[in-house]
Amino acid sequence: MQQMWTDIDHYIDSHLIPNDPILTQTLKHTAERGFPDHLAVAPNQGMLLQMLIQMNKCKRILELGTFAAYSTLWLARALPEDGYILTIEGRDTHAALGQENIDAAKLPQTIDLKVGRAADLLRALPEDTEAFDFIFIDADKQSYPEYLELSLNLSHSGTIIVLDNVIRSGAILDQNNVKPSIEGIRQMFEALSNHPRILSCTALQTVGSKGHDGFALAIVK
Ligand code: DHB
Ligand code: MG
């Protein structure tokens, strides 16, 4: 099935996703530097994130897990010129690559890339940090429950939270799989269910060029 999913993603992209030289260059540079492409969102997924931001006229975005900054640049493309993104990356090698791609993009929006453990950096933000309008959680899956709670502390009523990779080819249902990353996703589902601070949430499975995975989406009460 994988080949068909990939072919259909290419069909979708060729019809509906306009070519953006900056995003194309980001993927090219990432591949040239020898980094894998399976960690990045697919183009049609990047467009979905962009549309959620546009629908809600978001101006301040928080992203956990920058990697090559491909998703970061999709998010930035959705923002007005005075928009702001704080993106956090835990791995030095990924952060260096992400910064190169952000610099090369030369976008007008402010993109602040911080390197370190996301939970520590979020806790260290100034007390008066303005809430974010849109939060994309895409860092280490083990910490998703913690990232969700920290994100809620940086949210206002109506903030949208999107969490990537919440299905992992169905590994979440495999009781023999007790990897911290998979346990983290299961705990995230537990936390989302009947959370007092969440107005509504859902999760969607996706298939495509990145395999079988999915997004969780939540709106803050
Ligand atoms: C992995 C992480 C991601 O954020 C992703 O989108 C795909 C894969 C991973 O760690 O394997
Ligand atoms: Mg991801």
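Residues numbered from 1 in each chain as written. Chains lettered and ligands numbered in written order. Predicted model: local features only at pLDDT ≥ 70, side-chain atom pairs only at ≥ 80, totals over all residues. Heavy atoms only, no water.

### Thoughts on the overall build of the protein
The cut-off we apply is this: The numbering of helices and of strands both runs from the N terminus, where a helix is a DSSP run of H or I of at least 4 residues and a strand a run of E of at least 2. Each radius of gyration reported is based on C-alpha atoms, and the globular scaling rule is 2.2 Å times the count of residues to the power 0.38. Partly exposed describes any residue whose relative accessible area lies between the buried limit of under 20% and the exposed limit of over 50%, with all areas from a 1.4 Å probe on protein chains only and scaled to the type maximum. All accessible-area figures derive from a Shrake-Rupley calculation using a 1.4 Å probe, and residue coverage is judged against the displayed protein chains alone. Think of it this way: Lys and Arg go in the positive column, Asp and Glu in the negative one, and His and the chain ends go nowhere. Charged side chains are reduced to one point each, which is NZ for Lys, CZ for Arg, CG for Asp and CD for Glu.
Within the protein, the secondary structure is distributed over eight helices and seven strands. Rg of the C-alpha trace for the protein: 17 Å, near the compact-globule value of 17 Å for 221 residues, within the 12% margin. Relative to its 221 residues, the protein shows a buried fraction of 51%. When the accessible surface of the protein is split by element, carbon and sulfur atoms take 55% of a total near 11,000 Å². In the protein, 18 side chains carry a positive charge and 28 a negative one; their mean positions are 1 Å apart.

### Re the sheet that holds strand 5 (residues 155–164)
Note the threshold: In this description, strands pair whenever DSSP reports at least two bridges between them. The convention used is that axes are lines fitted to C-alpha atoms, helices contributing only their stretch in contact, and that angles between N-to-C directions extend from 0 to 180 degrees. Contacts were defined at the residue level, with two residues in contact if any of their heavy atoms lie within 4.5 Å.
Overall, mixed pairing links the seven strands, which are arranged 3-2-1-4-5-7-6 in an open sheet. Looking at strand neighbours, the two that pair on one side only are strand 3 (110–115) and strand 6 (198–208), the edges of this open sheet. Averaged over all pairs of adjacent strands, the angle between strand axes in this sheet comes to 15 degrees, irrespective of strand direction. Across the sheet, helix 1 (residues 2–16) is in contact with strand 6 and strand 7 (211–220); its angle to strand 6 comes to roughly 110 degrees. Against the sheet, helix 7 (residues 144–153) touches strand 1 (60–64), strand 4 (132–137), strand 5, strand 6 and strand 7, its axis set at about 155 degrees to strand 5.

### Overview of the environment of Ser181
Locating Ser181 in the fold gives a position in helix 8 (residues 180–192). Counting along the chain gives 39 residues from Ser181 to Gln142, while the straight-line C-alpha distance between them is 4.0 Å. Ignoring any residue separated from it by four or fewer positions in sequence, one finds Ser181 in contact with Lys141 and Gln142.

### Comments concerning the nonpolar core
Note the cut-off: We call a set of buried residues a nonpolar core when its members are Ala, Val, Leu, Ile, Met, Phe, Trp, Tyr or Cys and they connect through side-chain atoms within 4.5 Å of each other.
Core analysis: the largest hydrophobic core is formed by 33 residues, its most contacted members being Leu62, Leu64 and Ile161. Broken down by secondary-structure element, the contributors of at least two residues to this core are strand 1, strand 2 (84–89), helix 6 (118–123), strand 4, helix 7, strand 5, helix 8 and strand 7. It is helix 7 that provides the largest number of residues to this core, a total of five residues. Beyond its immediate stretch of four places on either side in the chain, Leu64 contacts Ile88, Ala118, Leu122, Phe136, Ile137, Asp138, Ala139, Tyr147 and Ser151.

### Considering the site of ligand 1
The condition is simple: In this text, near means that some heavy atom of the residue lies within 4 Å of the molecule or strand in question. Counting of polar contacts relies on pairs of N or O atoms within 3.5 Å, with two restrictions inside protein: one atom must be capable of donating a hydrogen and the other of accepting it, and residues adjacent in sequence are counted only when both atoms are side-chain atoms. Throughout this entry, Asp, Glu, Lys and Arg are counted as charged residues, while Ala, Val, Leu, Ile, Met, Phe, Trp, Tyr, Cys and Pro are counted as nonpolar. The remaining residues, Gly among them, count as polar.
Neighbouring residues of ligand 1: His38, Leu39, Asp138, Lys141, Asp164, Asn165 and Arg168. At 3.2 Å from an oxygen atom of ligand 1 is found a side-chain nitrogen or oxygen belonging to Asp164. Taking 290 Å² as the accessible area of ligand 1 by itself, protein coverage stands at 72%. A breakdown of the residues in the shell around ligand 1 according to their chemical character gives one nonpolar, two polar and four charged.

### Observations regarding the coordination of the magnesium ion (ligand 2)
Each pair of donors in an ideal octahedron of six around a metal sits at 90 or 180 degrees, and each pair in an ideal tetrahedron of four sits at 109.5 degrees. Definition in use: For Na, K and Ca the donor cutoff is 3.2 Å, while for all other metals N, O and S atoms must lie within 2.8 Å; water is not among the atoms, so some sites may look incomplete.
The protein atoms that coordinate the magnesium ion (ligand 2) are Asp138 (OD), Asp164 (OD) and Asn165 (OD1), at distances of 2.0 to 2.1 Å. Ordering the donors of the magnesium ion (ligand 2) by residue number gives the pattern D-x25-D-N. Judged on exposure class, the residue Asp164 and its partner Asn165 are both buried.

### A word on the side chain of Lys141
Tracing the sequence through the fold places Lys141 in the loop between strand 4 and helix 7. Given the relative accessible area of 13%, Lys141 is considered buried. In this structure the side chain of Lys141 is engaged in a polar contact, spanning 2.9 Å, whose partner is the backbone oxygen of Ala139. Looking at Lys141, its side chain comes within polar contact range of the side chain of Asn165, at 3.1 Å. When neighbours within four sequence positions are excluded, Lys141 is seen to be in contact with Asp164, Asn165, Ser181, Gly184 and Ile185.

### A word on helix 1
So the rule is basically this: In this analysis, the expected span of each helix is defined as 1.5 Å times one less than the number of residues it contains. Here the arc refers to the directions that run from the helix axis out to each C-beta atom.
In this model helix 1 runs 21 Å from its N-terminal to its C-terminal C-alpha over 15 residues, within 8% of the 21 Å that 1.5 Å per residue would give. Within helix 1 the residues assigned to the buried category are Thr6, Asp9 and Asp13. Buried positions in helix 1, seen along its axis, are confined to an arc of 60 degrees and lie on one side of it. Counted as exposed and oriented over 90 degrees from the buried face of helix 1: Gln3, Tyr11, Ser14, His15 and Leu16.

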